[in-house]
Amino acid sequence: MPLTRRAAIERFTLFLAGSPLLRGQYMSRADHERIPSLDEIASVLEFEPVARAKITQTSYDYVTGGVESEFSLRRNREAFDWATLIPRAVGDVAKIDSSLELFGTRLDFPIFVAPTAGHAQLHNDGEQETYRGASAAGALMAVSHNSSFPLDTIAKAADGPQWAQLYVRRNPDTARSRVDMAVDNGYLAICLTVDTQWNSARDRLTHDANLSATAAGPRRERQARRPRRSRGVQEKTYPYGLVPQDPDLDWSIIAKIRTWTDLPLLLKGILTAEDARLAVQHDVDGIIVSNHGARYLASAPATFEVLEEVVEAVGGKLPVLLDGGVRRGTDVLKALALGAKAVAVGRPPLWGLGAYGAAGTQRVIEILRAELVLAMAHTGCASLAAINRGLVRTDFP
Ligand SMILES: Cc1cc2nc3c(=O)[nH]c(=O)nc-3n(C[C@H](O)[C@H](O)[C@H](O)COP(=O)(O)O)c2cc1C
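Cut-offs applied
- Residues numbered from 1 in each chain as written.
- Predicted model: local features only at pLDDT ≥ 70, side-chain atom pairs only at ≥ 80, totals over all residues.
- Helix = DSSP H or I, 4+ residues; strand = E, 2+ residues; numbered from the N terminus.
- Buried ≥ 20, exposed ≤ 12 C-beta atoms within 10 Å, placed from the backbone.
- Contact = placed C-beta atoms within 7 Å.
- Near = placed C-beta within 6 Å.
- Nonpolar A, V, L, I, M, F, W, Y, C, P; charged D, E, K, R; others polar.
- Pairing = 2+ DSSP bridges.
- Right-handed = clockwise from strand over helix to strand, strands pointing away.
- Expected span 1.5 Å × (residues − 1).
- Core = buried A, V, L, I, M, F, W, Y, C linked by C-beta atoms within 7 Å.
- pLDDT = per-residue confidence, 0-100.
- Axes fitted to C-alpha atoms, helices over the stretch in contact; angles between N-to-C directions.
- Parallel < 35°, antiparallel > 145°, perpendicular 65-115°, else oblique.
- Left-handed = near helix turned anticlockwise from the far one by under 90°.

**Q** Help me understand the overall build of the protein chain in this model?
**A** Secondary structure assignment for the protein chain yields 16 helices and 12 strands. By residue count, 44% of the 397 residues in the protein chain fall in the buried class. A sequence separation of at least 24 residues applies to 69% of the contacts in the protein chain between residues at least 6 apart.

**Q** Before we go on, may I ask you to explain the environment of Gly138 in this structure?
**A** Within the element layout of this structure, Gly138 appears in the loop between α6 (126-137) and β5 (141-143). Among the residues examined, Gly138 registers 16 C-beta atoms within 10 Å and is labelled partly exposed. A C-alpha to C-alpha distance of 8.6 Å links Gly138 and Gln362, two positions 224 residues apart in sequence.

**Q** Would you mind going over the site of the ligand with me for this structure?
**A** Residues in contact with the ligand amount to 24 residues; listed here are only the nearest, Ala114, Ser144, Thr193, Gly293 and Gly346. Among the residues forming the shell around the ligand, the class breakdown is seven nonpolar, 13 polar and four charged.

**Q** What should I look at first to understand the pairing of strand β10 (residues 320-323) in this one?
**A** Where a strand is regular, its side chains alternate between the two sheet faces. Every second residue of β10 is oriented toward a common face, with Val320 and Leu322 on one face and Leu321 and Asp323 on the other, all of them buried. Bridge count between strand β9 (residues 286-289) and β10: three bridges; the pairing is parallel. Looking at the pairing, Ile287 lines up with Val320 of β10. Regarding the hand of the β-α-β motif, the stretch spanning β9, helix α13 (residues 303-314) and β10 is right-handed. Summarising the sheet, β10 and strand β11 (residues 342-345) pair through three bridges and their orientation is parallel. Bridging from a neighbouring strand, Leu321 pairs with Ala342 of β11. Tracing the backbone out of β10, into helix α14 (residues 329-337) and back to the parallel element β11 gives a crossover that is right-handed.

**Q** Explain unusual backbone geometry here, please?
**A** Apart from glycine, the bulk of residues carry a negative phi angle, and the bulk of peptide bonds sit in the trans form. Even without glycine at this site, Glu70 takes up a positive phi of about 75°. Note that Glu70 resides in the loop between α4 (57-64) and α5 (71-81). Its identity is not glycine, yet Asp283 carries a phi of approximately 70°, on the positive side. Look at Asp283 and you get exposed, because 12 C-beta atoms sit within 10 Å.

**Q** Just checking my understanding: could you explain the environment of Tyr356 for this structure?
**A** Positionally, Tyr356 belongs in helix α15 (residues 347-356). For Tyr356, a count of 24 C-beta atoms within 10 Å puts it in the buried group. For the pair Tyr356 and Lys54, spaced 302 residues apart in sequence, the C-alpha separation works out to 9.3 Å.

**Q** I tried to follow helix α16 (residues 358-378) on my own but got confused; where do I start?
**A** Helical periodicity: at 3.6 residues per turn, an α-helix aligns residues three or four positions apart in one direction. With 21 residues, α16 should reach 30 Å at 1.5 Å per residue; the first-to-last C-alpha distance of 31 Å fits that figure. The first or second residue beyond α16 is Gly380, which carries a positive phi of 75°.

**Q** I'm lost on the nonpolar core in this one. Help?
**A** Generally speaking, soluble globular proteins have nonpolar side chains that are buried together. In this structure, Ile111, Ile190, Ile287 and Val310 are the most contacted members of the largest nonpolar core, which totals 102 residues. Setting aside chain neighbours within four positions, we find Val310 in contact with Ile270, Ala273, Ala276, Ile287, Val289 and Val320.

**Q** What should I look at first to understand the confidence of the model for the protein chain in this one?
**A** Reading predicted coordinates in detail is not appropriate for stretches of low pLDDT. Taken residue by residue, the protein chain gives an average pLDDT of 90. The fraction at 70 or more is 86%. Predicted confidence is poor over residues 19-29, with pLDDT under 50, and the contacts of this stretch with residues over four places away or in other chains come to 16 contacts. Low confidence marks residues 229-235, where pLDDT is under 50. Its contacts with residues over four positions away, or in another chain, come to 10 contacts.

**Q** Sorry, what's going on with the pairing of strand β7 (residues 190-193) here?
**A** Neither face of β7 is left uncovered, since the one carrying Ile190 and Leu192 and the one carrying Cys191 and Thr193 both have all their residues buried. After leaving strand β6 (residues 162-166), the chain enters helix α8 (residues 172-184) and then returns to the sheet as β7, a path that is right-handed. As paired elements, β7 and strand β8 (residues 265-270) share four bridges and run parallel to each other. Each residue of the ladder has a partner; that of Leu192, found in β8, is Leu267.

**Q** Whenever I open this one, the environment of Ser144 confuses me. Can you help?
**A** Position of Ser144 relative to the elements: it lies in the loop between β5 and α7 (151-155). Spatially, the C-alpha atoms of Ser144 and Ala114 are 8.2 Å apart, while their sequence positions differ by 30 residues. If near-sequence neighbours (up to four positions away) are discounted, Ser144 is found in contact with Pro115, Thr116, Ala117 and Gln165.

**Q** Can you help me understand the packing of α14 against α16 in this one?
**A** Running from N to C, α14 and α16 point in directions that differ by 60°, and their axes come no closer than 7 Å. The orientation of α14 with respect to α16, classified from their angle, is oblique. Note that α14 runs across α16; the crossing there is right-handed. Between α14, through Gly329, Thr330, Val332 and Leu333, and α16, the contact on the second element is made entirely by Leu368, Ala370, Glu371, Leu372, Leu374, Ala375 and Met376.

**Q** How do you make sense of the packing of helix α3 (residues 47-54) against α15 when you look at a structure like this?
**A** The geometry of a pair of packed helices is captured by two quantities: the angle between their axes and the separation between those axes. One way to put it is that α3 packs onto α15 with a least axis distance of 8 Å and a crossing angle of 50°. Relative to α15, α3 is oriented oblique. Two packed elements cross with a definite hand, and for α3 against α15 that hand is left-handed. Residue-level inspection shows Phe47, Glu48, Val50, Ala51 and Lys54 of α3 in contact with α15, the latter providing Pro348, Trp351, Gly352, Gly354 and Ala355.

Okay, here's the thing in structure tokens:
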């Protein structure tokens, strides 16, 4: 590929920035002058620039960005990079079986679509299209509480397994009606997210808002720079756009949700042994180790770094799942080796959706699945049961 002026500037900028995230996501062979066809895409990371070219800057930043200056976002990725896999020279890996059972559902592989909000900003059919892609790939999809379409509409778009993610947001009645709708429409589990007590400040989105205000003229610009009023809590407002969202959520919510449904109940957003033990005591059915894709607590640990601590605290009493930074089949294998039963991906299916619709989401999952099979083969694991702690050496700095 000839070195164009644009490519030269891009490379020089990356060199100056010296950011591991930019370096990690930089693809030497990608030609950004041209949108590649789906069949040309080699890895999950390559969907990101295609999606970027097709959606608005604000949507791209909303999907891709993290809290503040994105330290934890980088760290979610880097934690996987700091772990090496130990190969096996000889082994019977003529057939690789990556199937498992999760809460009574048989799945062909341990990778599912994490709940993410607002898919309509990436595709007119929103979550319906994502669900078509996930189902075509054979993946389970968790649908966000803040989906662009209602749970019943999404459920009709395809036929794969689905979970419903829940927020309480000081409104148990709304939460309950969402659970009822999930039950009525065949969703197989409820996944309560517990890491968004207040909103979060995402520098990228602040800059996007400032830029669009500047473009709209001086009056709008002055408005945008004024401290914003809270929409979350009526009795009190806070400056600088701070919004309490689930500020008084407590452990009693689990017993309450149990009175609404018998579906398996998972807690999403656990990052410590202490919280994992409390989750076990309060009788949840599963835990998702997650820092919300590094979108809430700035400087949160990488999920892969704390996985083992959580797995040990749970002591095999319930399945531990993980999300955050999974971009390669080797990442999936590393997480399973440290004790995760399955992993979820948030941004990649969205990049696939924005780039190529359902076919893109489908391919994202298919690539991850294929990479996992290869990683299992080269580490001598013919089934998920063969994956063990000895496969991974972690050298976190
Ligand atoms: C655009 C976007 C929207 C999200 N919306 C939600 C949500 O509504 N509910 C939720 O529990 N998690 C939400 N998450 C977090 C994901 O479920 C998941 O934890 C995270 O994306 C995993 O990290 P990854 O994107 O690096 O794979 C969102 C993440 C993204 C990127």
